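Analysis of the macromolecular model
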Amino acid sequence: MTKDDEIITDIFRSQLKTYPASTVTILGAGDYESLVPEGKFKSVKSVDINKKAVVISSLEPSDLLITNLLLEKMGYAFFINILKKVRPQFVCCSFYLSNPLGISEDELTSRLLQESYELFSRSEVSLSNGKTLIQLDFTVSSFALGLSEPAKTSYKVSGKELMSLSVFNVGTQKCEPRYQWGPGVRDFYLLHYIVSGNGTYVVGDHEYKLGAGDCFLSYPHREVSYFADARNPWEYAWVGFSGTEAAMILGATDFTQDEPYIRDTSHGEKILELIREIYLAKGNSFSAGINMTGKLYELLSLFVEDSSAEPVQMGARLYVQSAMEYITENYAGPITIEEISDYVGISRSQLFRCFQQVTGISPKEYLTQYRIKKACQLLTQTSFSMTAIANSLGFENSLYFSKAFRKVQGVSPSEYRATAQNI
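Structure report, in brief. (Residues numbered from 1 in each chain as written. Predicted model: local features only at pLDDT ≥ 70, side-chain atom pairs only at ≥ 80, totals over all residues. Heavy atoms only, no water.)

Observations concerning unusual backbone geometry
Each neighbour pair has its own omega, and for G182 with P183 the value is 5 degrees, a cis peptide bond. Within the secondary structure layout, P183 lies in strand β9 (residues 180-184). Phi at R87 is positive, roughly 45 degrees, even though this residue is not glycine. Along the chain, R87 falls in the loop between α3 (76-86) and β4 (90-96). What makes R87 exposed here is its relative accessible area of 66%. For R178, which is not a glycine, the phi torsion comes out positive at approximately 65 degrees. (Helix = DSSP H or I, 4+ residues; strand = E, 2+ residues; numbered from the N terminus. Buried < 20%, exposed > 50% of the residue type's maximum accessible area, 1.4 Å probe, protein only.)

Considerations on the sheet that holds strand β11 (residues 198-203)
Spatially, 4 strands are ordered β9-β14-β11-β12 in an open sheet, and the strand pairing comes out antiparallel. In the strand order of this sheet, the two ends are held by β9 and β12 (206-211), each with one partner. Going across the sheet, the axis of each strand differs from the next one's by a mean of 15 degrees, ignoring polarity. In this structure, β9 lies alongside strand β14 (residues 224-228), joined through 3 bridges in antiparallel fashion. Bridge pairing in β14 links Q180 to F227. (Pairing = 2+ DSSP bridges. Axes fitted to C-alpha atoms, helices over the stretch in contact; angles between N-to-C directions.)

Points about empty space enclosed by the protein
According to the stated counting rule, one finds 2 cavities of 30 Å³ or more in the structure shown. Taken as a whole, the largest cavity spans an internal volume of roughly 80 Å³. Around the largest cavity sit I8, I11, F12, Q15, I26, Y32, I66, N68, S94, L133 and Q135, which together line it. Elements that contribute at least two residues to the lining of the largest cavity include exactly α1 (3-18), β3 (64-68) and β6 (132-139). Broken down by element, the lining of the largest cavity gets its largest block of residues, 4 residues, from α1. By residue class, the composition of the lining of the largest cavity is 7 nonpolar, 4 polar and no charged. Reported here for the second largest cavity is a volume of approximately 30 Å³. Lining the second largest cavity, in full, are V185, R186, F188, S218, Y219, R222 and V224. The residue makeup of the lining of the second largest cavity, split by class, is 4 nonpolar, 1 polar and 2 charged. (1 Å grid on protein atoms, 1.4 Å probe; cavity = no way out; pocket = protein on both sides within 12 Å on 5 of 7 lines; lining within 4 Å. Points joined across faces, edges and corners; volume = space filled by probe spheres on them. Nonpolar A, V, L, I, M, F, W, Y, C, P; charged D, E, K, R; others polar.)

Considerations on the layout of surface pockets
There is about 290 Å³ of room inside the second largest pocket. In terms of lining, the second largest pocket is formed by 14 residues, of which the most central are I335, K364, L367, R371 and Y400. Where the lining of the second largest pocket is concerned, the elements lending two or more residues are α9 (337-344) and α11 (363-381). In terms of residue count, α11 provides more of the lining of the second largest pocket than any other element does, 4 residues in total.

Remarks on the environment of L165
The topology assignment puts L165 in the loop between β7 (152-156) and β8 (166-174). Overall, the relative accessible area of 0% leaves L165 in the buried class. The spacing of L165 and T293 is 128 residues in sequence and 6.5 Å in space, taken between C-alpha atoms. Once residues within four sequence positions are removed from consideration, L165 is found in contact with F241, S242, G243, A246, I249, T293, L296, Y297 and L300. (Contact = heavy atoms within 4.5 Å.)

Some thoughts on the side chain of H192
With respect to the helices, strands and loops of the structure, H192 is situated in strand β10 (residues 189-196). With relative accessibility at 2%, the residue H192 sits in the buried group. Beyond its immediate stretch of four places on either side in the chain, H192 contacts D214, C215, F216, Y226, Y236, A237 and W238.

Points about the packing of aromatic side chains
Counted according to the given criterion, the structure contains 22 aromatic pairs. Pairing W181 with Y226 gives two aromatic rings, centres 5.7 Å apart and planes at 15 degrees, and the pair type is stacked. Remark: Y226 occurs in strand β14 and W181 occurs in strand β9; sequence separation between them is 45 residues. Judged by its relative accessible area of 24%, W181 falls in the partly exposed class. Cluster of aromatic residues (ring-pair linked, three or more members): W181, Y201, Y208, F216, Y226, W234, Y236, W238 and Y261. Above the ring of F41, the side-chain terminus of K40 is found at 5.4 Å from the ring centroid. Here the guanidinium or amino end of R186 rests over the ring plane of W181, the centre of that ring lying 3.6 Å away. (Phe/Tyr/Trp six-rings, centres within 6.5 Å; stacked < 30°, edge-to-face > 60°. Lys NZ or Arg CZ within 6 Å of the ring centre and 35° of its normal.)

A short note on the packing of helix α6 (residues 268-280) against helix α7 (residues 286-305)
Running from amino to carboxyl end, α6 crosses α7 at an angle of 165 degrees, the nearest separation of the two axes being 9 Å. Overall, the two elements α6 and α7 adopt an arrangement that is roughly antiparallel. When the axes of α6 and α7 are compared, the crossing they make is left-handed. Here K270, I271, L274, I275, E277 and I278 of α6 lie close against α7, whose contacting residues are M292, K295, L296, E298, L299, L302 and F303. Classifying every residue of the contact of α6 with α7 gives 9 nonpolar, no polar and 4 charged. (Parallel < 35°, antiparallel > 145°, perpendicular 65-115°, else oblique. Left-handed = near helix turned anticlockwise from the far one by under 90°.)

Here it is in structure tokens:
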């Protein structure tokens, strides 16, 4: 299964989970009926449009209609006729931004509005083949069954990362009552700003009740979960990011691993505006990446500006930045912390204190995490052996590499590769 197939499959699974339907009709380019959980629906009807591209017969009435790339094969008229035939409460449509029939978001939304449907959720993602997949989900408002609207708008970056600071994903979501993410672990930072409503953020054994105007931060490799209030579910905007400067910048804010939230920020409207600007600047080109990162710098500067923590000395920041640059250039070799401190021009103990002060971790932990991040790229993008990857990243041997990888990622390198290939 290719990366693009994985994305389409993940979207499909999300649709099945989100909508409270008793029957489902699937019109798609592939065998998706096998992915439907057994016993979840009273009736499941599936048609592969690659095999039955002209005549689709014997469709049953449906609560949920999922169409995977059907529109750009059949056109609007054929699709509307199918929609009228199965009369779904929920309609999920996938199509490419550029397609042979010129299917567009505005035209599709307009046509479904005429059929008494309204947009419930929108998302888009850039695929590895260079195309952009648009996902629009619609619902008949009288049958919405308590679902919030619009549910979610999101964008995930799949282009080349900037090493200093890069946007990973960005979006907004108006959650259903009790909607929950996690428990789970990510390998990047994720900042949420709560636009309205209430919810709970859980980190380890600690629970934080948060509401409109508050922000919360998820740290890499730390298990978290969060869920919306049952009566007043939250709506939030988020941006995920990573890079060599991320930890250093966050170290100058009031976010800490012990208190990963900020209550009632004074820059709420500006934070939301900048997250929206990051979303509007989206794209996988180098220029788009620079544009998104520029907006992200501006966003993070708001938190630095309002920080009540004792400012970190400029000298410490410069030492850490210099060490990070050395690691970026030399991580593939058998470098030591002594070599890094010699390059920076301070003692090993001084370097340790500077790293703890600026990033919250030691120089050795940073070096290991940097190498593991590069390892994840090699495991998913190449077929190199574990020995070759270990040698390419400055590890003593493949055994030490495997232990270090498992400590950071929670799984072995081979398990990580297998999961990435088979999700």
